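# An overview of the molecular structure
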Amino acid sequence: YKERYRLLGTKCETCNNVFFPLRGVCPNCRRGGKPVPIAFSGKGRVYTFTVIHVPPEGFETFVPYVVGLVQLEEGPKVTSQIVDCHPEDAYIGMPVEACFRKLRAQGKEGIICYGFKFRPVDSSSKKE
């Protein structure tokens, strides 16, 4: 699962569209497409977001926290938690970058899952 540890997507060499997550078939070109994996820069902007006050099991210690739809510089939109940001400081258009963080611990075995989240590029920036 290398996509858990890097922000990977697919670019179709036939139509030049970029997709997230990895895809084996281009949704535009179908069998005529030539999808190849690409690594995203991890930079983007918050497209929209919400603040979670009533979390699912396992996320109780994070509340309140921000979950956003981030539009990557390469085009695709990614849903992710926005970390290192107080909910009142989040805003649409906020520049963010991917970071590698703990996602959760699984069950009684305590297996820790890691993956990407996003954080503000400049925590001192203000809403426009």
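These lines cover the structure that appears in this document, whether it is placed above or below.

The rules behind each value
- Think of each chain on its own: its residues are numbered from 1, step by step along the sequence as written.
- In keeping with the model being predicted, local features are shown solely for residues with a pLDDT of at least 70 and side-chain atom pairs are shown and tallied solely at 80 or more, while totals for entire chains, interfaces and linings include all residues.
- Computation of side-chain values: all heavy atoms of the structure, hydrogens and water removed.
- We count a stretch as a helix when DSSP gives it H or I for four or more residues in a row; a strand needs E for two or more, and each element gets its number in order from the N terminus.
- Relative accessibility thresholds used throughout: buried, under 20% of the residue-type maximum; exposed, over 50%; partly exposed, between the two (1.4 Å probe, protein chains only).
- Side-chain rings of Phe, Tyr and Trp, where Trp is taken by its six-membered ring, are said to pair if the distance between their centres is within 6.5 Å; with planes under 30 degrees apart they count as stacked, over 60 as edge-to-face, and otherwise as tilted.
- In this scheme, the term charge over a ring applies when either NZ of a lysine or CZ of an arginine sits within 6 Å of the ring centre and within 35 degrees of the ring normal.
- For the purposes of this section, nonpolar cores are sets of buried Ala, Val, Leu, Ile, Met, Phe, Trp, Tyr and Cys residues that join through side-chain atoms within 4.5 Å.
- Contact between two residues is taken to exist if any of their heavy atoms lie within 4.5 Å; hydrogens are not considered.
- A side-chain nitrogen of Lys or Arg and a carboxyl oxygen of Asp or Glu constitute a salt bridge if their distance falls within 4 Å.

A separate point is the overall build of the chain. Within the chain, the regular secondary structure consists of zero helices and eight strands. What you see in the chain, going N to C, is helices and strands ordered as β-β-β-β-β-β-β-β. In terms of overall dimensions, the chain has C-alpha extents of about 45 × 45 × 20 Å along its principal axes. The buried share of the chain, reckoned over its 128 residues, is 27%.

By the definition in use, this model includes seven aromatic pairs. Between F100 and Y114 the ring centres are 5.7 Å apart and the planes differ by 20 degrees, which places this aromatic pair in the stacked class. Separated by 14 residues along the polypeptide, F100 in strand 7 (residues 95-106) and Y114 in strand 8 (residues 111-120) bring together distant segments of the chain. Judged by its relative accessible area of 33%, Y114 is partly exposed. Each member of the aromatic cluster is reached from another via a ring pair, and the members are F20, F40, F116 and F118. When the ring centre of Y47 is taken as origin, the NZ or CZ atom of K77, which lies over that ring, is 4.5 Å away. Between the NZ or CZ atom of K117 and the centre of the ring of F62, over which it lies, the distance is 5.1 Å.

For the rest of this paragraph, the subject is the nonpolar core. Core analysis: the biggest nonpolar cluster contains 14 residues, and V70, L72, I82, M94, V96 and F118 have the highest contact counts within it. Those elements that place two or more of their residues in this core are strand 5 (65-72) and strand 6 (77-82). Broken down by element, the residue count for this core peaks at three residues, all from strand 5. Discounting residues that sit within four places of it in the chain, V70 has contacts with G44, R45, Y47, P76, K77, V78, I82, V96 and F118.

Summed over all chains, the structure comprises two salt bridges. Of the charged contacts, one joins D84 and R101 as a salt bridge, the two residues approaching to 2.7 Å between their closest N and O atoms. Separated by 17 residues along the polypeptide, D84 in the loop between strand 6 and strand 7 and R101 in strand 7 bring together distant segments of the chain. With its nearest N and O atoms 3.0 Å apart, the salt bridge here joins R119 to E97. Taken together, the residues R119 in strand 8 and E97 in strand 7 connect sequence positions 22 residues apart. The exposure class of R119 is partly exposed, given its relative accessible area of 28%. The class of E97 is partly exposed, set by a relative accessible area of 21%.

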